[in-house]
Amino acid sequence: MADQDFDPPRPRLGGAGPAILGIVGFVAALLIFSLVLVLLDVLPNPLSKSSRAEPQPVAPATSGPAKLAQSARFAKPGECVLNQGTDTKPDLIMVKCEPGSLEVLERKEGTTNVEECRSVPGYRYHYFYDSDLGDSFDFVLCMRKRP
């Protein structure tokens, strides 16, 4: 028998395989992009229960000389705050305890775990601060709305 030269078979480029891979790759990239936006707090977390909380009260207008608002970063149990921001980007300031304000029931130091508030009697709202300087500056405020 004589040696015959055979051309190797050409790889197939058509069919459903490349299209399916392209769609799967696109969907994966879209999911990764969405996850990054949620982690950067650009999009609300759809799995978070706190994103469905009712709106926080807004500070009422006061007459007289304006006072500089003190950050809730220094709030202690028994003191009150108001949210001048939104549920996803809160901006809490300390205020005089009046009906509608949020009273701090307990302050948990060194954590951002809001689940620790579940054991606090009367707890309904929470706020946490996650410091870039380390866990020792983190805290959670467990609060209730003043009647």
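Below you will find a few notes about this structure. (Residues numbered from 1 in each chain as written. Predicted model: local features only at pLDDT ≥ 70, side-chain atom pairs only at ≥ 80, totals over all residues. Heavy atoms only, no water.)

### Some remarks on the overall build of the protein chain
Helix and strand counts for the protein chain come out as one helix and five strands. Reading the helices (α) and strands (β) of the protein chain from amino to carboxyl end gives α-β-β-β-β-β. Evaluated residue by residue, the protein chain yields a buried proportion of 21% over its 147 residues. Nonlocal contacts in the protein chain, meaning residues at least 24 apart in sequence, comprise 51% of its contacts between residues at least 6 apart. On the protein chain, roughly 11200 Å² of surface is accessible, and the fraction owed to carbon and sulfur atoms is 60%. (Helix = DSSP H or I, 4+ residues; strand = E, 2+ residues; numbered from the N terminus. Buried < 20%, exposed > 50% of the residue type's maximum accessible area, 1.4 Å probe, protein only. Contact = heavy atoms within 4.5 Å. Areas by Shrake-Rupley, 256 points an atom, 1.4 Å probe, with all protein chains shown as cover.)

### Some points on helix H1 (residues 16–39)
Structural remark: α-helix, 3.6 residues per turn; residues separated by three or four positions point the same way. Look at H1: 35 Å from first C-alpha to last across 24 residues, which is about the 34 Å you get at 1.5 Å a residue. Within two residues after H1, Asp41 carries a phi angle of roughly 65°, on the positive side. (Expected span 1.5 Å × (residues − 1).)

### Examining the pattern of salt bridges
Considering all chains together, one arrives at five salt bridges under this definition. For Lys108, the salt bridge is made with Glu106, and the minimal N-O distance between the two is 2.6 Å. With relative accessibility at 29%, the residue Glu106 sits in the partly exposed group. (Salt bridge = Lys/Arg side-chain N within 4 Å of Asp/Glu carboxyl O.)

### A closer look at the environment of Cys80
Along the chain, Cys80 falls in strand S1 (residues 80–83). For Cys80, a relative accessible area of 1% gives the class buried. Along the sequence, Cys80 and Leu102 sit 22 residues apart, while their C-alpha atoms lie 5.3 Å from each other. Excluding residues that lie within four positions of it along the chain, Cys80 makes contacts with Ile93, Met94, Val95, Lys96, Cys97, Ser101, Leu102, Glu103 and Arg146.

### Things to note about the state of the cysteines
This structure, assessed with the given rule, holds two disulfides. A sulfur-sulfur distance of 2.1 Å marks the disulfide that ties Cys80 to Cys97. On the sign convention where negative means left-handed, the S-S torsion of about 105° between Cys80 and Cys97 marks this disulfide as right-handed. Here Cys97 lies in the loop between strand S2 (92–95) and strand S3 (102–109) and Cys80 lies in strand S1, a separation of 17 residues in the sequence. On the accessibility criterion, Cys97 (26% relative accessible area) is partly exposed. Residue pairing for Cys117: its cysteine sulfur links by disulfide to Cys142, the two sulfurs lying 2.0 Å apart. Between Cys117 and Cys142, the disulfide has an S-S torsion of -80° and is therefore left-handed. (Disulfide = S-S within 2.5 Å.)

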